[in-house]
Amino acid sequence: MANPSRNVVPKSGRPKTVTLEDVAKHAGVGTMTASRAIKGTGYVAAATKEKVLRSADALNYTTNFAARSLATGKTGIIAVMCGPLNELHHVNVVHLLETEINKSGYQMRLLHTKTDLKEIMHATRATSADGVLAYGVQDLSDEFEFLNSKLLQHCVFIDTYEHPGADYVRIDLRGAVEEAVTLMLSSGRPRIAYAGYSNGVSYQEGSAVEDRLITFVASMQRAGREIEYINAWRDLPYTGRIQALRRYFEENGCPGGILCLHDEIATLIYRALRDCGRRIPEDTLLVGCDGLPFMECYDPPLSVVAQPMAEVCATAWQFLKARMADSRIPLQQKTFEAPLIVRESLNFD
DNA sequence: TCGTCGTACCCGACATAGTG
DNA sequence: CACTATGTCGGGTACGACGA
């Protein structure tokens, strides 16, 4: 009994596309044979395959991915979640992830940052993603286990925070931050400050994103030094941030060392310090975090705490691929120790 | 037995026909 | 008009038939 849907007159107004069935008819084979020939899977005689491919070429046939995803339940789409793209470290991670994802023949779909797992679930379902790579969506692990069973897509977290019940790739910057602070202390810098995007009290709450700050505070306290916190004014435009930082330095003087939450903050401070006539690194040693590629272009170069982000992103993608292939495999969790990179031309002896 | 190929049916969202 | 049932879209899978 033939499927009645097979002998359907196309709806008026809808453009007639070349389907697999058209190719099969043209080649004189069944649709399944045409499918196997085009996909290159299963048993198809070489001559038959050649015939099908010639027909597909003659009819200008391309696979309908919507139909394929309907049949397989796979879309070939990977959702990437990260923070706002007006922050460069997010752009860098998105670029690295997209490179990895595309190499494997998948497409990336970018989702806006959500801090609520339920929203991730809704968003990923709406985009029909096969899997999710979530960068810097800390504070979600508590609800993750509860919601994991309802999460249709597989998810790998990329974070500075551990997600105990989930696959994750963690970046541990604490050792590098401690080393950077030690470096600044040993070089005899009178004032050493931390620059971040909050009001300076978040470290007291053990905020995950600011583990750099927690480490900074601990290192400074051990050395008996005072904590100075500089707000980089996340909500202002770039010029406004630079002006605000310049005002801060004019009113309070410039610290001899500044550890920055991100490279982006380091560039803003670099500019504000230069405007104030400070030399870097002679007068102020600047330390950024992220290891963004463009930081190498600064002259004189900044001292940078570099995250091995390319390797982190590649590992996260490998984890997700393994999870998509077999959801029953044990949890995949890896921590990367970020090294402190000191530019060769830095000389503060 | 193995290589090759075909039929029936499925997937999910939306459109459309049928019924009260 | 509101609601329900069925059709539609295209490609993949399960299963089985066929011939050498």
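Look above for the structure.
Residue positions within a chain follow its written sequence, with the count starting from 1. All chains are assigned letters beginning with A, and all ligands numbers beginning with 1, in the order in which they are written. Predicted model: local features are reported for residues with pLDDT of at least 70 only, side-chain atom pairs are reported and counted for 80 or more only, and whole-chain, interface and lining totals are derived from all residues.

Student: Quick rundown of the overall build of chain A? Include the residues and the values.
Tutor: In DSSP terms, a helix is any run of H or I states spanning at least four residues, a strand is any run of E spanning at least two, and both are numbered starting from the N terminus. Helix and strand counts for chain A come out as 12 helices and 12 strands. To sort residues by exposure, count the other C-beta atoms lying within 10 Å of each residue's C-beta; 20 or more gives buried, 12 or fewer gives exposed, and values between give partly exposed, all with C-beta atoms placed from the backbone. Counting the 349 residues in chain A, one finds 36% classified as buried. Here contacts are defined at the residue level, using C-beta atoms placed from the backbone and a cut-off of 7 Å between them. Taking the intrachain contacts of chain A between residues at least 6 apart in sequence as the baseline, contacts between residues at least 24 apart amount to 65%.

Student: Give me the packing of helix α1 (residues 20-27) against helix α2 (residues 31-39): which residues, what numbers.
Tutor: Closest axis-to-axis distance for the α1/α2 pair is 8 Å, and the angle between their directions is 100°. By the criterion of interaxial angle, the relationship of α1 to α2 is roughly perpendicular. On α2, the residues touching Leu20, Glu21, Val23, Ala24 and Ala27 of α1 are Thr31, Thr33, Ala34 and Ser35. Of the residues assigned to the contact of α1 with α2, the class counts are 5 nonpolar, 3 polar and 1 charged. Only the stretch in contact is used when fitting a helix axis, every axis being a line fitted to C-alpha atoms; angles between N-to-C directions are given from 0 to 180 degrees. Roughly parallel means an angle under 35 degrees; roughly antiparallel, over 145; roughly perpendicular, 65 to 115; everything else is oblique. Each residue is assigned to one of three groups, with Ala, Val, Leu, Ile, Met, Phe, Trp, Tyr, Cys and Pro labelled nonpolar, Asp, Glu, Lys and Arg labelled charged, and all others, Gly among them, labelled polar.

Student: Which residues make up the pairing of strand β3 (residues 131-135), and what values do they have?
Tutor: Most of β3 is tucked away: 5 of the 5 residues are buried. Residues Gly131, Leu133 and Tyr135 line one face of β3 and the alternating positions Val132 and Ala134 line the opposite face, and both faces are buried. When DSSP finds two or more bridges between two strands, those strands count as paired. As paired strands, strand β1 (residues 77-81) and β3 are joined by 4 bridges and run parallel to one another. Bridge assignment links Met81 to a residue of β3, and that residue is Ala134. Sheet analysis places β3 next to strand β4 (residues 154-159), joined by 5 bridges and oriented parallel. Each residue of the ladder has a partner; that of Val132, found in β4, is Cys155.

Student: Pulling in residues and values, what's your account of the sheet that holds β4?
Tutor: Spatial strand order, β2-β1-β3-β4-β5-β11: 6 strands in an open sheet with parallel pairing. The sheet terminates laterally at β2 (107-111) and β11 (333-337), the two strands that pair on one side only. The mean angle between the axes of side-by-side strands here comes to 15°, regardless of whether they run parallel or antiparallel. Sheet topology places β1 next to β2; 5 bridges connect them, and they run parallel. Pairing of Ala79 across the sheet is with Arg109, part of β2. Packed onto the sheet, helix α5 (residues 88-103) meets β1, β2 and β3 and runs at close to 150° relative to β2.

Student: Could you give me a rundown of the packing of helix α8 (residues 174-186) against helix α9 (residues 211-222), with the residues and numbers involved?
Tutor: It is at 9 Å that the axes of α8 and α9 come closest, and there the two elements cross at 40°. Classified by the angle their axes make, α8 and α9 are oblique. The two elements α8 and α9 meet at a crossing, and its hand is right-handed. Facing α8, whose interface residues are Arg174, Val177, Glu178, Val181 and Thr182, α9 presents Asp211, Arg212, Thr215, Phe216, Ser219 and Met220. A per-class count over the contact of α8 with α9 returns 4 nonpolar, 3 polar and 4 charged. The sense of a crossing depends on the near helix, which, turned anticlockwise from the far helix by less than a right angle, makes the crossing left-handed and, turned clockwise, makes it right-handed.

Student: Give a detailed account of the pairing of strand β9 (residues 285-289), specifying residues and quantitative values.
Tutor: Successive side chains on a regular strand alternate, one facing one side of the sheet and the next facing the other. For β9, the tally of buried residues reaches 5 of 5 residues, placing the bulk of the element in the interior. Burial of β9 is two-sided: the residues Leu285, Val287 and Cys289 facing one way and the residues Leu286 and Gly288 facing the other way are all buried. In terms of strand pairing, strand β8 (residues 257-260) meets β9 through 3 bridges, oriented parallel. Considered in β9, the bridge of Ile258 is made with Leu286. The β-α-β motif built from β8, the intervening helix α11 (residues 263-275) and the parallel element β9 has right-handed crossover chirality. The definition of a right-handed crossover adopted here requires that, viewed with the strands pointing away, the path from the first strand over the helix to the second runs clockwise.

Student: Could you give me a rundown of the environment of Val94, with the residues and numbers involved?
Tutor: Within the secondary structure, Val94 sits in helix α5. Look at Val94 and you get buried, because 20 C-beta atoms sit within 10 Å. Sequence spacing of Val94 and Thr41 is 53 residues, and the spatial spacing of their C-alpha atoms is 33 Å. Apart from the residues within four sequence positions on either side, Val94 is in contact with Val80, Cys82 and Leu110.

Nothing here speaks to function; it is geometry throughout.
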